[in-house]
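Observations on the three-dimensional arrangement
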Amino acid sequence: MFRVFIVIAWAVLLVLLLYLWADVREISGIVKENKRELLRGNLSARAAESFPNFQEEQRKEQEQKRQQEEQAKQEKKPQGMPLSASEEQVLDEVLTEFLG
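None of the values given here were measured: they were computed from a predicted structure.

**Notes on the overall build of the chain**
Counting its regular elements, the chain contains three helices and zero strands. Starting at the N terminus, the α and β elements of the chain follow one another as α-α-α. Within the chain, the proportion of its 100 residues that are buried is 0%.

See the structure below:
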């Protein structure tokens, strides 16, 4: 009778070990898949950083040129109404007198 219980206990222990082994294999497969996906994502992100789209580069260059043109236009804009000859002369006299 004692031997029967020992054999049943060994059988139950073996079944539990088989379940545990199957779970460990399943978990290791999931971990490997996740590692692959992370590496793929990491490599694709690195590739995107080192080799950006040419369209994006062109768009950035066009934006920079447009901003430079806008700045040049703003610098060239006159700040007020143009001065007449008599007003310029008075301004020159005042400046020379003030600056000495």
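Moving on, there is more to tell.
**A closer look at the pattern of salt bridges**
By the definition in use, this model includes one salt bridge. Here E63 and R59 are joined by a salt bridge, their closest N and O atoms 3.3 Å apart. In this pair, E63 and R59 both sit in helix α2 (residues 54-76), four residues apart, roughly one turn of the helix.

**Considering a positive patch on the surface**
A contiguous patch of positive charge on the surface is contributed by K32, K35, R36 and R40. With respect to the helices and strands, K32 occurs in helix α1 (residues 2-50).

**Focus: a negative patch on the surface**
A surface patch of negative charge is lined by E87, E88, D92, E93 and E97. As for its position among the elements, E88 is in helix α3 (residues 85-99).

**Regarding the packing of aromatic side chains**
Per the stated rule, a full pass over the model turns up zero aromatic pairs. Between the NZ or CZ atom of R25 and the centre of the ring of W21, over which it lies, the distance is 5.2 Å.

**Let's talk about the confidence of the model for the chain**
Averaged over every residue, the pLDDT of the chain is 83; the share at 70 or more is 83%. Confidence, read as mean pLDDT per element, is least for α2 in the chain (80) and greatest for α1 (88).

**What about a nonpolar patch on the surface?**
A contiguous nonpolar patch, built from F2, I6, W10, L13, L17, L20 and V24 and spanning about 750 Å² of accessible area, is present on the exposed surface. You can call I6 partly exposed: its relative accessible area is 33%.

Cut-offs applied
Residues numbered from 1 in each chain as written. Predicted model: local features only at pLDDT ≥ 70, side-chain atom pairs only at ≥ 80, totals over all residues. Heavy atoms only, no water. Helix = DSSP H or I, 4+ residues; strand = E, 2+ residues; numbered from the N terminus. Buried < 20%, exposed > 50% of the residue type's maximum accessible area, 1.4 Å probe, protein only. Salt bridge = Lys/Arg side-chain N within 4 Å of Asp/Glu carboxyl O. Patch = residues over 30% accessible without salt bridge, like charges linked within 9 Å, V, L, I, M, F, W, Y side chains within 5 Å. Areas by Shrake-Rupley, 256 points an atom, 1.4 Å probe, with all protein chains shown as cover. Lys, Arg positive; Asp, Glu negative; His and termini not counted. Charge placed at Lys NZ, Arg CZ, Asp CG, Glu CD. Phe/Tyr/Trp six-rings, centres within 6.5 Å; stacked < 30°, edge-to-face > 60°. Lys NZ or Arg CZ within 6 Å of the ring centre and 35° of its normal. pLDDT = per-residue confidence, 0-100.

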